[in-house]
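Secondary and tertiary structure notes
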Amino acid sequence: MKESAHSRRLFREAQKYLPGGVDSPVRAFKAVGGTPPFIVKGQGSRIYDADGNEFIDYVGSWGPLILGHAHPPVVKALKQAVERGTSYGAPTELEITLARMISAAMPSLEMMRLVSSGTEAAMSALRLARAFTKRDKIVKFAGGYHGHADGLLAKGGSGLATLGIPDSPGVPASYARNTLVAPYNNAGAVARLFERYPEEIAAVIVEPVVANMGVVAPHPGFLTGLRDLTSQFGALLIFDEVITGFRLAYGGAQAIYGITPDLTCLGKIIGGGLPVGAYGGRRRIMEMVAPLGPVYQAGTLSGNPLAMTAGIETLKVLRQPGVYQQLEAKSSALAGGIKKAAAEAGISLYIGRVASLLTVFFTAKAVVDYESARQADTKLFARFFQNLLSAGIYWPPSQFEAAFVSTAHTDKDIQLTLGAVKTALSSLG
Ligand code: KE4
C-alpha cells in the first residue's frame, strides 16, 4: 500500500470545513484509527484512493452498490438521463416505474412515497403510524438504527453504537419518553411493553435482520411474535428494510421470513447509489399521506429522475434469475474461508451472516442482540481492519457494521480477500 500522503493532506483540509472531516461519522475511522483513504474512483468491486491505492471494497457505499461501482447499464442510463436535466420538481413516469417494480417485488407495499434517504423514510413512516393509530409511543430495539431522526436516537446502533453515545445530545427528553427500547430477539420483552402500555404504542419498528449492531439474524419465531403482538394490540409493524430490501432477496426479508408488515422502509439499493428512500404499505394507511390525506411529508428531490433511473436499472438486473444464488455462493465461500482461517490462527470469532451481509465479531460467543454484540473485542477488530486495509481490502471500519458482497466480487476477489484475512488474523495472535 502506497504512503497515504494525499489522503492525510485532504483529511487535514476536510477537517477545517466538515465536523471530523466527513459528512457521515463512520467514515472518519474513529472506531479503527488512522486516516481514512480519500476515494477518487470506484469500478466494479474496486475503489481507488488519492494516493493511487486500490482496494477490494466490502462497504459498497454501505449497501446500495449490490452490483458494484459504476455498473455499466446503470452508468449508461444515467448519462442519457442527465442530458434531460437533473430534477423537475414535477411528477415523472420514472416514479411510477420504480414504484410498480417495488410493489411487484414486495406486495405489502400497495402504495408508497419515494423520498431522499432512509432517515426520511423511517421518520415519515413513524409519523404516519402515529397518525393512523392516534398513539404516541414507538418500540425500537437496542442496536437497531433507523436513521437520525430525533425520536429514533435512543440507544441507536450503527454510528451511535460505534461512538458509544447511548443517546445523542439535542434529543428532547419528551421524545425519548415516547421511544421504548427492547432487546432484539426478545419478543417477551415487547409483550411486557404492550402489557404496560396496551393502548399507547403506535408501532414497533425493527430491522428484520439487523445490520447496525453488526449482522444479527432473527431467532425463529421472533418476527412472528412481533407480528402477532402488534396485531393483537392494534399497533403497526414497521420493517426497516433500508439495508435488507433487495439485498437478502428480491422480495427482501419479508419474503424470506414470510411476514407481512404494515409499513416498510426502503433505501440504498432502490436508488442504485443515488440519494433515495421510500416508505409504503397498506393502501388504507398510505392514503393518509398528503396531499391525499392529512399527514404532511414533502421533499424537493423526492423521486428525483436520476435516482429513479439508477434504481430502475439496478432492480432490472436483480430480478434476473440466479443473481441471489450467485451472491449466496460467494458470501458463503467468504464466510467459510474466514472461519477456517480463524481456526488455523487460533482466534475466536463469531460470524453473523445472512445472504450477502456479514460481520466478523471478535467474540467467542454467538451474537444475538446488542448486549452480546458489545462483548466483541473492538480493539482486536481495529487491528484486523488495519491489517486488511494495508493488504488492499477495504472492510467496514467498525465492529458494529455489515460487510457487503456484490455481484461484482469475483471468485478471484474472494480468494485474494481470504489470503489477506489469513495473514491479518495470524498476525493478531
Ligand atoms: P440514510 O438516512 O443513511 O439513507 O438511512 C438511514 C438508515 C435507516 N435504516 C437502516 C436499517 C440503516 O442501516 C440506515 C443507514 N445505514 C448506515 C449504515 N449502517 C448508513 C451509513 C452511514 O450512516 O454513514
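Here the residue index of a chain counts from 1 through its sequence in written order. Whole-chain, interface and lining totals are the exception, using all residues; otherwise, since this is a predicted model, local features are given only for residues with pLDDT of at least 70 and side-chain atom pairs are given and counted only at 80 or more. For the side-chain quantities, the full set of heavy atoms in the structure was used; hydrogens and water were omitted.

1. Section: the pattern of salt bridges
By definition, a salt bridge exists where a carboxyl oxygen of Asp or Glu is found within 4 Å of a side-chain nitrogen of Lys or Arg. Counted by the stated rule, this structure contains eleven salt bridges. For E54, the salt bridge goes to R46, with nearest N and O atoms at 2.8 Å. Categorising residues by exposure relies on relative accessible area from a 1.4 Å probe, with only protein chains included: less than 20% of the type maximum marks a residue as buried, more than 50% marks it as exposed, and the intermediate range marks it as partly exposed. Residue E54 is classed as partly exposed on the basis of its relative accessible area, which comes to 41%. Given a relative accessible area of 18%, R46 falls into the buried group. Of the charged contacts in the structure, one is a salt bridge between D413 and R46, with a shortest N-O distance of 2.5 Å. Here the residue D413 occupies a position in helix α15 (residues 411-426), and R46 occupies one in strand β2 (residues 46-49), the gap between them amounting to 367 residues. Its relative accessible area of 3% is what places D413 among the buried residues. One salt-bridge network, in which partners are shared between bridges, spans R46, E54 and D413. Only DSSP runs of H or I with at least four residues qualify as helices, and only runs of E with at least two residues qualify as strands; both kinds are numbered from the N terminus onward.

2. A few points about empty space enclosed by the protein
Put plainly, a pocket is an open set of points on a 1 Å grid over the protein atoms alone with protein on both sides within 12 Å along at least five of seven lines, a cavity is a set where a 1.4 Å probe fits but cannot get out, and a lining residue has an atom within 4 Å of a point. Grid points are joined across faces, edges and corners, and a volume is the space filled by probe spheres set on the points. What the rule picks out here adds up to four cavities of 30 Å³ or more. In this structure, the largest cavity occupies an estimated 60 Å³ of space. Here the residues of the lining of the largest cavity are counted per class, giving three nonpolar, seven polar and two charged. By the convention adopted, Pro, Cys, Tyr, Trp, Phe, Met, Ile, Leu, Val and Ala count as nonpolar, Lys, Arg, Asp and Glu as charged, and the other residues, Gly among them, as polar.

3. Topic: unusual backbone geometry
With an omega of 5°, the peptide bond between A290 and P291 qualifies as cis. One non-glycine residue, W62, lies in positive phi territory at about 70°. Among the secondary structure elements, W62 is positioned in the loop between β3 (54-57) and α2 (72-82). On the accessibility criterion, W62 (15% relative accessible area) is buried. The phi dihedral of A355 is positive, around 55°, even though this residue is not glycine.

4. Observations concerning the site of the ligand
A single heavy atom is enough: if one lies within 4 Å of a molecule or strand, its residue is considered near that molecule or strand. What surrounds the ligand is a group of 17 residues, the closest being S24, T119, N212, D240 and E401. Side-chain polar atom of E401 to a nitrogen atom of the ligand: 2.8 Å apart, as the coordinates give it. Here the ligand, which alone exposes 540 Å², has 87% of that area covered by the protein. Counting of polar contacts relies on pairs of N or O atoms within 3.5 Å, with two restrictions inside protein: one atom must be capable of donating a hydrogen and the other of accepting it, and residues adjacent in sequence are counted only when both atoms are side-chain atoms. The Shrake-Rupley method, run with a 1.4 Å probe, gives the accessible areas here. Residue values count only the displayed protein chains as cover.

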